[in-house]
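# Structure at a glance
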Amino acid sequence: MLESQLVTENNAVVSPSGLYVLEMIVGKVDDVSSFSFCIKDVKDSSEVFVSNDYYRLRDTTYLLWGEDDTVWVYSGDLGTFYWEKESDSWQKKTYADNIGKEVPQALEELRPDYFN
């Protein structure tokens, strides 16, 4: 069940609202395999948001949806971040600065020592 919630290079996931699709974009940054992500409209596959942030694939990383179509990235190297939709865009926030923010259950299960 957890695997179906995680976005991977070969597994895009539809948002809880059914309005968006979250896709992983894999490439190289300074010769290191990394990923970013984009959010697409489920109706016409147009890009709604493309992240400029990259995360190394060699580190433990998870990309997934949270409640209210919030995008979450857990990076064993950089920390945990989430993007909330505000107006017509997604705004990046740092979990460390917002510890009270509810974490997706999948992250709690994957990293119980970190999130509990």
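Now for a quick tour of the structure. (Residues numbered from 1 in each chain as written. Predicted model: local features only at pLDDT ≥ 70, side-chain atom pairs only at ≥ 80, totals over all residues. Heavy atoms only, no water.)

## So, the overall build of the protein chain
Along the backbone of the protein chain there are 3 helices and 9 strands. Reading the helices (α) and strands (β) of the protein chain from amino to carboxyl end gives α-β-β-β-β-β-β-β-β-β-α-α. Viewed in the frame of its principal axes, the protein chain has a C-alpha envelope of about 40 × 35 × 30 Å. Relative to its full complement of 116 residues, the protein chain shows a buried share of 41%. A separation of at least 24 residues holds for 36% of the contacts in the protein chain among residues at least 6 apart in sequence. Accessible surface, the protein chain: about 6700 Å² in total, of which carbon and sulfur atoms supply 42%. In the protein chain, the 10 positive side-chain charges and the 22 negative ones have mean positions that sit 4 Å from each other. (Helix = DSSP H or I, 4+ residues; strand = E, 2+ residues; numbered from the N terminus. Buried < 20%, exposed > 50% of the residue type's maximum accessible area, 1.4 Å probe, protein only. Contact = heavy atoms within 4.5 Å. Areas by Shrake-Rupley, 256 points an atom, 1.4 Å probe, with all protein chains shown as cover. Lys, Arg positive; Asp, Glu negative; His and termini not counted. Charge placed at Lys NZ, Arg CZ, Asp CG, Glu CD.)

## Section: the side chain of T70
Along the chain, T70 turns up in the loop between strand 6 (61-65) and strand 7 (71-75). Looking at T70, the relative accessible area reads 3%, which means it is buried. Within the local environment of T70, its side chain forms a polar contact with the backbone oxygen of E67, the two atoms lying 2.9 Å apart. Setting aside chain neighbours within four positions, we find T70 in contact with L64, W65, Y82, W83, E84 and K101. (Polar contact = N/O pair within 3.5 Å; in protein donor to acceptor, adjacent residues only side chain to side chain.)

## Quick look at the sheet that holds strand 7
Judged by pairing direction, the sheet is antiparallel, and its 4 strands sit side by side in the order 6-7-8-9 without closing on themselves. The outermost strands of the open sheet, each flanked by one partner alone, are strand 6 and strand 9 (89-94). Pairs of neighbouring strands in the sheet enclose a mean axial angle of 15°, with direction left out of account. (Pairing = 2+ DSSP bridges. Axes fitted to C-alpha atoms, helices over the stretch in contact; angles between N-to-C directions.)

## Considering the pairing of strand 9
Summarising the sheet, strand 8 (residues 79-86) and strand 9 pair through 6 bridges and their orientation is antiparallel. Bridging from a neighbouring strand, K85 pairs with W90 of strand 9. If you look at the hairpin formed by strand 8 and strand 9, you'll find 2 residues sitting between the two strands, and S87 has a positive phi there, around 60°.

## Things to note about the pattern of salt bridges
Tallying each qualifying case throughout the model produces 7 salt bridges. D53 is the partner of K92 in a salt bridge, and the nearest nitrogen-oxygen pair spans 2.9 Å. Taken together, the residues K92 in strand 9 and D53 in the loop between strand 4 (47-50) and strand 5 (55-56) connect sequence positions 39 residues apart. Looking at D53, the relative accessible area reads 24%, which means it is partly exposed. Here the salt bridges do not stand alone but share partners, grouping E84, E86, K93 and K101 into one network. (Salt bridge = Lys/Arg side-chain N within 4 Å of Asp/Glu carboxyl O.)

## Considering the pairing of strand 4
Pairing between strand 3 (residues 32-41) and strand 4: 3 bridges, direction antiparallel. Looking across to strand 4, one finds that K40 is bridged to E47. Linkage of strand 3 to strand 4, two consecutive antiparallel strands, is achieved through a turn of 5 residues, within which S45 is found at a positive phi near 60°.

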